[in-house]
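Each chain, written out:
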Amino acid sequence: MAEEKKAQSSGVWPKVKPFVNGGASGMLATCVIQPIDMIKVRIQLGQGSAGTVTRNMLKEEGVRAFYKGLSAGLLRQATYTTARLGSFKMLTNKAVEANDGKPLPLYQKALCGLTAGAIGACFGSPADLALIRMQADATLPVAQRRNYTNAFHALYRIVADEGVLALWKGAGPTVVRAMALNMGMLASYDQSVEFFKDNLGLGEAATVVGASTISGFFAAACSLPFDYVKTQIQKMQPDASGKYPYTGSLDCAMKTLKAGGPFKFYTGFPVYCVRIAPHVMMTWIFLNQIQKVEKKIGL
């Protein structure tokens, strides 16, 4: 029996399980959050407040408009979240081993989060580009719309029209934004779980909800400026002479700062925070439930 258990723990499944669980939980959370994410993108594109955007979308495009880009969102989670949560689990496990089994200090968790975010963004950048373009398509003039039918059609068209490397257009700000988000989200979640359990003695459900809320806030606060720049870069169109409005992320950031000041980067923060926090909460809740089921059936 002991040999069987040892063989099971040293097989392939324990190594891939954090990645499978992370991707599955992220995809389930995205199915619920997609409408809020759609509103957030429209706000960042300058279409008005959350209420105005919602009313206009319902009136002009119907309910299905809120789920435009869902296939790209699911593909993004299947790549980005699979890689980042799996990597974070592996990195923290290795760090705990190196720390003789003791809990990691916050700065080490932050470093693991930064690294996991960068890894995840490298894998998820093509799907993220497809998602942004699909969500922004309806805001463009009819002549400039790309009319992607789904995520795979978007990826195919991007490669055919712009080349393979275009799939990583805006990858720089995507990676930086992912590093900031995951530093805030993953490190604060682990730290909060330890605090709620060890210091306050809260139960599992209260711990997950409380820690998820805190990590959601820090993820939003750390990442929104980078998310704003990333969105502007990915959705920009050339003018009649073929010139783009920004030469890169730094140029976009400097022009935004000059035109609107530092608070311009936090355009749509309430909606962004409302979107990030529930997604974080549901990702952790789904992950927790998946792990319970796996434990129950012996996986």
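Residues numbered from 1 in each chain as written. Predicted model: local features only at pLDDT ≥ 70, side-chain atom pairs only at ≥ 80, totals over all residues. Heavy atoms only, no water.

Rules: UniProt positions are given in the numbering used here, feature names are shortened, and annotations may be inferred rather than shown by experiment.
The name recorded for the chain in an unreviewed UniProt entry is Mitochondrial dicarboxylate/tricarboxylate transporter DTC, from Hibiscus sabdariffa. Of the comments in the UniProt record for the chain, the one headed Sequence similarities (unreviewed entry) reads "Belongs to the mitochondrial carrier (TC 2.A.29) family." UniProt's Subcellular location (unreviewed entry) comment on the chain is quoted here verbatim: "Membrane".

### Quick look at the pattern of salt bridges
To keep it simple, the criterion reads: We define a salt bridge as a contact between a side-chain nitrogen of Lys or Arg and a carboxyl oxygen of Asp or Glu at a distance within 4 Å. Each helix corresponds to a stretch of at least 4 residues labelled H or I by DSSP, and each strand to a stretch of at least 2 residues labelled E; elements are numbered beginning at the N terminus. Residue exposure (1.4 Å probe, protein chains only): buried if accessible area is under 20% of the type maximum, exposed if over 50%, otherwise partly exposed.
A full pass over the atoms with the stated rule returns nine salt bridges. Residues lysine 109 and glutamate 194 are paired through a salt bridge, measuring 2.9 Å at the closest nitrogen-oxygen approach. Highlighted residues: lysine 109 in helix α5 (residues 106-136) and glutamate 194 in helix α7 (residues 171-199), separated in sequence by 85 residues. Residue lysine 109 is classed as buried on the basis of its relative accessible area, which comes to 1%. For glutamate 194, a relative accessible area of 26% puts it in the partly exposed group. Aspartate 251 serves as the salt-bridge partner of lysine 255, at 3.3 Å between the closest nitrogen and oxygen. Here lysine 255 and its partner aspartate 251 are both found in helix α9 (residues 249-260), four residues apart, which amounts to about one turn of the helix. Take aspartate 251: its relative accessible area is 22%, and that puts it in the partly exposed class. Connected through salt bridges with shared partners, the residues Arg133, Glu162 and Lys169 form a single ionic network.

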